[in-house]
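# Working through the structure, step by step
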Amino acid sequence: MTLKQEIDKRKTFAIISHPDAGKTTLTEKFLLFGGAIQVAGAVKSNKIRKTSTSDFMEIEKQRGISVATSVMAFEYKDKRINILDTPGHKDFAEDTYRTLTAVDSVIVVVDSVKGVEEQTKRLVEVCRMRNTPVIIFINKMDREGKDPFDLIEEIDGTLHIQTQPLTWPINQGSLFKGVYNLYKKELNLFESNKSQLADEVISIESLHGEQILKYLSEKDTKKLRDDVELIEGVFEPFDKELYQSGLLAPVFFGSAINNFGIQELLETFLDIAPSPRSREAAERMVSADENKLSGFVFKIHANLDPNHRDRIAFMRVCSGKFERNTFYYHTRTGKKLKFANPATFMANEKILTSEAYPGDVIGLYDSGNFKIGDTLTEGENLHFKGIPSFSPEIFKELENRDPMKTKQLEKGINQLSEEGVAQLFKQEPGNRKIIGTVGDLQFEVIQFRLEHEYGAKCAFIPLKFFKAFWITCPDKKILETFMIRKSYAIVRDKENNPVFLAESEWNVTLSKNDYPEIIFHTISEFDVAHSTHSTSSG
Ligand code: G4P
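Here's what I pulled together on the structure shown here. (Residues numbered from 1 in each chain as written. Predicted model: local features only at pLDDT ≥ 70, side-chain atom pairs only at ≥ 80, totals over all residues. Heavy atoms only, no water.)

Within the chain, the secondary structure is distributed over 14 helices and 31 strands. Within the span of the chain, comprising 538 residues, buried residues form 57% of the whole. Considering only residue pairs separated by 6 or more positions, the chain has 71% of its internal contacts joining residues 24 or more positions apart. Of the roughly 22,800 Å² that the chain leaves accessible, carbon and sulfur atoms contribute 49%. (Helix = DSSP H or I, 4+ residues; strand = E, 2+ residues; numbered from the N terminus. Buried < 20%, exposed > 50% of the residue type's maximum accessible area, 1.4 Å probe, protein only. Contact = heavy atoms within 4.5 Å. Areas by Shrake-Rupley, 256 points an atom, 1.4 Å probe, with all protein chains shown as cover.)

Okay, structure coming up:
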């Protein structure tokens, strides 16, 4: 197969949702379709349960298992599908944001009863920043949910994305009859059945003919005809280009647990979702079909065994072909590295691989060479963009509780921040270390790992800050003045960029008014940010 054929064959995406909307169930049904797993429940057992928030060991154990499910690859109808798993737990939201940098599209699961929830909003916002194409799956149609027109309006309004239904439900809850596929003009009748795999699909020539009455009551037929007339009056024919540019999100309705609407979702996804495309590096655009390898690390997973410090770095291949036992150039350090045991992930298994293509994710055993965001090439000096840090929400000062182990603490916290467990900020004078996270769980993780892997003891002192802003200003003098005036709240990130830690929304507004020349960025990579994001405080 040529490189171009390998690329066209691949679809790399993530399924995202607010916890409980049905992400795990949908992932599992996709894997069942692909024949990658034989029984339901295989993915479920690997998921980090949201109930066990304080049971850290349990979570770490599950994170360990989750290495294998970080990427789930399978073949379906000549396509190679790479599903990148994202942790559902909100405290691991940063992991999810980073994973989104490695996909070519996403499927967003929305619960028909609950509608758009908080985490969905934040995740879609991250997708919109990078124009990642989005498909929406409205799940749990077997339950009494919100009115579908209201749901569409709610999604448009809260996710700030233009939507277009491609299927339309016939009732819901106990009266749910199925969906009408507006795109293919087919009727898909619902049967509550958790073990069925393929849907029973009926081609309908015209909704106004008699044929439909064989399957639906007069009342349901009338309602469907009215709804479809309304929808067709509002929407233009579906435009794949708009979807692929991230401007239009097609919407599907179904019930993951009943395996209903999944096949048409998967098949339409394969039909319209983009294969790996060009990616922007700081130096130039890198096209997927270039012969030379390039790729970047978006996730690092520590080995849970304290006797083995090695970690697994997950690299997304962006161009060319990756080969085992071949030297590649690590652009940050200038080192040449080769990998004897690169792994790919098929469903629940980790497999030694000898080659990988754009869109694939490989696991590289690492003894400390990689940081999140690192690029590998065949010699060219490239640095892929689009792996920003997002503002943490909880800030605590790291306190050393064993002065004899200062070095270990220093090394440990640096490595953990390179892995992306938390963000480390430093403040002068005194080299104060401030840890920023999106959830409390990370502090438990850090404390535990510093003690067990590095032999260092620490405590955390809560700080009143609520958000971090990376600050820039065309006028260096103004920036300096601001930094002196606010020195108690100025820290440096791992790249030594100045960051302002704000105590409240009001505090930010005041600073913005007093220093209108200064730009307050909520993410660390400014030029990828949408202008409204780059300066917003929320
Ligand atoms: P998540 O990964 O997004 O957190 O969601 P998950 O798939 O775990 O689904 C959350 C709950 O919703 C599960 O129930 C699951 O069975 C249920 N669910 C998923 N799809 C549907 C659907 O189409 N209809 C209905 N009615 N329920 C659905 P649970 O009680 O939390 O877990 P379990 O005991 O079923 O495993």
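What follows concerns the nonpolar core. Ranked by size, the top nonpolar core spans 79 residues in total, and within it Leu 100, Val 106, Ile 136, Leu 224, Met 315, Phe 322 and Phe 370 carry the most contacts. Per element, the largest residue contribution to this core is 6 residues, and it comes from strand S15 (residues 311–319). Of the domains in this structure, domain 1 (3–272) and domain 2 (282–377) are the two that each give at least three residues to this core. Beyond its immediate chain neighbours, meaning those up to four positions away, Ile 136 contacts Val 108, Val 110, Ile 155, Leu 159, Thr 163, Ala 249, Pro 250, Val 251 and Phe 252. (Core = buried A, V, L, I, M, F, W, Y, C linked by side-chain atoms within 4.5 Å. Domains from an automatic or database assignment.)

Ordered in space as S7-S8-S9-S10, the 4 strands form an open sheet in which the pairing is antiparallel. Sheet topology places strand S7 (167–170) and strand S10 (201–203) at the edges, where each strand pairs with a single neighbour. On average, each strand axis in the sheet is inclined to that of its neighbour by 25°, with strand direction left out of account. When S7 meets strand S8 (residues 178–181), the two strands line up antiparallel, connected through 4 bridges. Following the sheet pairing, Ile 170 is matched in S8 by Gly 178. (Pairing = 2+ DSSP bridges. Axes fitted to C-alpha atoms, helices over the stretch in contact; angles between N-to-C directions.)

Summed over the entire model, instances satisfying the criterion amount to 33 salt bridges. A salt bridge links Lys 121 to Glu 118; the shortest N-O distance between them is 3.7 Å. Residue Lys 121 and its partner Glu 118 are both found in helix H5 (residues 118–129); the two are separated by 3 residues, about one turn of the helix. Owing to a relative accessible area of 31%, Lys 121 belongs among the partly exposed residues under this scheme. On the accessibility criterion, Glu 118 (48% relative accessible area) is partly exposed. (Salt bridge = Lys/Arg side-chain N within 4 Å of Asp/Glu carboxyl O.)

As a further point, take the packing of aromatic side chains. Across all of its chains, the model carries 24 aromatic pairs by this definition. Between Phe 176 and Phe 260, the aromatic rings sit 5.6 Å apart at their centres with planes inclined by 90°, giving edge-to-face as the arrangement. Of the two residues, Phe 176 is situated in the loop between S7 and S8 and Phe 260 in the loop between strand S11 (248–253) and helix H9 (262–272); the sequence distance between them amounts to 84 residues. Comparing Phe 176 with Phe 260 shows no difference in burial state: the two are buried. Chaining the aromatic ring pairs together yields one cluster made of Phe 469, Phe 482, Phe 500, Tyr 515 and Phe 520. Across the ring face of Phe 314, the terminal group of Lys 299 is positioned such that the distance to the ring centre comes to 5.7 Å. (Phe/Tyr/Trp six-rings, centres within 6.5 Å; stacked < 30°, edge-to-face > 60°. Lys NZ or Arg CZ within 6 Å of the ring centre and 35° of its normal.)

Below, the discussion takes up the packing of helix H4 (residues 93–100) against H5. Two elements in contact, H4 and H5, have axes whose closest approach is 10 Å; the angle formed by their N-to-C orientations is 30°. By the criterion of interaxial angle, the relationship of H4 to H5 is roughly parallel. Helix-helix and strand crossings are classified by hand; for H4 and H5 the assignment is right-handed. Residue-level inspection shows Thr 96, Tyr 97 and Leu 100 of H4 in contact with H5, the latter providing Arg 122, Leu 123, Val 126 and Cys 127. Residues that form the contact of H4 with H5 fall into these classes: 5 nonpolar, 1 polar and 1 charged. (Parallel < 35°, antiparallel > 145°, perpendicular 65-115°, else oblique. Left-handed = near helix turned anticlockwise from the far one by under 90°. Nonpolar A, V, L, I, M, F, W, Y, C, P; charged D, E, K, R; others polar.)

This next bit is on a negative patch on the surface. On the surface, Asp 147, Asp 150, Glu 153 and Asp 156 cluster together to form a negatively charged patch. Here Asp 147 lies in the loop between strand S5 (134–139) and helix H6 (148–159). Taking relative accessible area as the criterion, Asp 147 reaches 33% and is therefore assigned partly exposed. (Patch = residues over 30% accessible without salt bridge, like charges linked within 9 Å, V, L, I, M, F, W, Y side chains within 5 Å. Lys, Arg positive; Asp, Glu negative; His and termini not counted. Charge placed at Lys NZ, Arg CZ, Asp CG, Glu CD.)

With that settled, consider the side chain of Arg 279. Note that Arg 279 resides in strand S12 (residues 279–280). Using a relative accessible area of 10% as the deciding quantity, one classes Arg 279 as buried. A distance of 2.7 Å separates the side chain of Arg 279 from the backbone oxygen of Thr 101, its partner in a polar contact. In this structure the side chain of Arg 279 is engaged in a polar contact, spanning 3.3 Å, whose partner is the backbone oxygen of Val 103. If sequence neighbours within four positions are ignored, Arg 279 has contacts with Thr 101, Ala 102, Val 103, Asp 104, Arg 130, Arg 284, Met 285, Val 286, Phe 296, Arg 316, Cys 318 and Phe 384. (Polar contact = N/O pair within 3.5 Å; in protein donor to acceptor, adjacent residues only side chain to side chain.)

Here we come to the pairing of strand S14 (residues 294–302). Buried residues dominate S14, accounting for 9 of its 9 residues. Two strands pair when backbone bridges link them, and S14 and S15 are joined in this way by 8 bridges, in the antiparallel orientation. In the strand pairing of S15, Ser 294 is matched with Ser 319. Across 3 bridges, S14 lies against strand S23 (residues 375–377) in antiparallel orientation. Directly across from Ser 294, in S23, lies its bridge partner Thr 377.

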